[in-house]
Amino acid sequence: RIMGMNAGRFVALAGIDDEEDLSPWMTDTLEKLMDEIHAQRRKRRQIHLSRAIGYIEKHLAENIRKDEVARHGGFSPGHFSHLVREETGQTFRELVARYRVRHACHLLARTRRSLSEVALDCGFTDQSYFTKIFRKISGQNPLHYRNSLGRAASIA
């Protein structure tokens with residue numbers, strides 16, 4: 001995309017005859033080039049962050065360490081922490097908890113597994129901690145969440 005932009009810019013450059021016209025052309029060209037470089041950097045960063053998120057989603061039941069996820073996404077742990085906070089407004093730990101609760105919601109809605117089994121499948125080591133985090137993120141405890149889904153299905 002940058003090269004395509006430059007080709008059009010060079011055609012415009014060929015029509016410039018004096019320095020007075022050259023200065024705005026150079027300014028505009030450099031601004032467009034810098035914008036494109038920034039956009040490409042952001043896109044590349046998003047791709048790497050998506051890889052890291054994919055790693056989290058695949059390993060929810062495991063003990064997920066920030067340095068592992070960062071390495072999988074191609075970041076240093078410090079840069080990854082900064083990026084997660086910048087892009088999501090959450091800490092790494094909060095991000096993992098949200099993905100675990102989202103997965104728990106899926107399991108609670110689609111299986112009859114016990115709460116302790118759901119907790120373990122989502123990477124929580126004990127049911128009470130699972131309930132605490134689930135309530136903090138979803139606003140209700142897991143059993144109430146599951147029961148409310150059953151009532152909604154029977155109403156519909």
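The notes below deal with the structure included here. Please read all numbers here as calculations on a predicted model, not as lab measurements.

### A few points about the overall build of the chain
A tally of helices and strands in the chain yields eight helices and zero strands. Seen in sequence order, the chain has helices and strands lined up from the N terminus as α-α-α-α-α-α-α-α. Relative to its length of 156 residues, the chain is extended, with a C-alpha radius of gyration of 25 Å against a globular reference of 15 Å. Principal-axis analysis of the C-alpha atoms places the extent of the chain at approximately 80 × 40 × 20 Å. Among the 156 residues that make up the chain, the fraction classed as buried is 30%. The contacts of the chain with a sequence gap of at least 6 include a subset with a gap of at least 24, amounting to 50%. As displayed, the chain has an accessible area near 10300 Å², and 53% of this comes from carbon and sulfur atoms. Charge centroids of the chain, computed over 26 positive and 19 negative side chains, lie 16 Å from each other.

### So, a negative patch on the surface
A cluster of like negative charges, contributed by Asp17, Asp18, Glu19, Glu20 and Asp21, occupies part of the molecular surface. Along the chain, Asp17 turns up in the loop between helix H1 (2–14) and helix H2 (19–58).

### Brief notes about the nonpolar core
In terms of nonpolar packing, the biggest core is built from 17 residues, with Ile56, Ile64, Val69, Phe80 and Phe92 touching the most fellow members. Counting only elements with at least two residues in this core, the list comes to H2, helix H3 (66–73), helix H4 (77–88) and helix H5 (92–110). Sort the elements by how many residues they give to this core and H2 lands first, with five residues. Contact partners of Phe92, with chain neighbours within four places excluded, come to Ile56, Ile64, Arg65, Lys66, Val69, Phe80 and Val84. Within the second largest apolar cluster, 15 residues are counted, among which are Leu108, Leu115, Phe130 and Ile133.

### Section: the pattern of salt bridges
On inspection of all chains with the given rule, the structure shows four salt bridges. Note that Asp28 is salt-bridged to Lys32, the shortest N-O span being 3.8 Å. Taken together, the residues Asp28 and Lys32, both in helix H2 and four residues apart, mark about one turn of the helix. Residue Asp28 is classed as partly exposed on the basis of its relative accessible area, which comes to 28%.

### Thoughts on the packing of aromatic side chains
One pair of aromatic rings is described through two measures. These are the centre distance and the angle between the planes. Going through the model one piece at a time under the given rule, you end up with six aromatic pairs. Note on Phe75 and Phe80: the rings are 5.9 Å apart at their centroids and 25° apart in plane angle, and the pair reads as stacked. Grouping aromatic residues by their ring pairs yields a cluster made of Phe124, Tyr129, Phe130, Phe134 and Tyr145. The aromatic ring of Tyr99 is capped on one face by Arg102, whose charged end is 4.8 Å from the ring centroid.

### What to know about the environment of Arg102
Tracing the sequence through the fold places Arg102 in helix H5. Along the backbone, Arg102 and Phe134 are 32 residues apart, and their C-alpha atoms lie at a distance of 9.1 Å.

### As for a positive patch on the surface
On the surface, a cluster of positive charge is made up of Arg98, Arg102, Lys132 and Lys136. Every element with two or more residues in the positive patch is listed here: H5 and helix H7 (127–138). Positionally, Lys136 belongs in helix H7.

About the thresholds
- Residues numbered from 1 in each chain as written.
- Predicted model: local features only at pLDDT ≥ 70, side-chain atom pairs only at ≥ 80, totals over all residues.
- Heavy atoms only, no water.
- Helix = DSSP H or I, 4+ residues; strand = E, 2+ residues; numbered from the N terminus.
- Rg over C-alpha atoms; globule rule 2.2 N^0.38 Å.
- Buried < 20%, exposed > 50% of the residue type's maximum accessible area, 1.4 Å probe, protein only.
- Contact = heavy atoms within 4.5 Å.
- Areas by Shrake-Rupley, 256 points an atom, 1.4 Å probe, with all protein chains shown as cover.
- Lys, Arg positive; Asp, Glu negative; His and termini not counted.
- Charge placed at Lys NZ, Arg CZ, Asp CG, Glu CD.
- Patch = residues over 30% accessible without salt bridge, like charges linked within 9 Å, V, L, I, M, F, W, Y side chains within 5 Å.
- Salt bridge = Lys/Arg side-chain N within 4 Å of Asp/Glu carboxyl O.
- Core = buried A, V, L, I, M, F, W, Y, C linked by side-chain atoms within 4.5 Å.
- Phe/Tyr/Trp six-rings, centres within 6.5 Å; stacked < 30°, edge-to-face > 60°.
- Lys NZ or Arg CZ within 6 Å of the ring centre and 35° of its normal.

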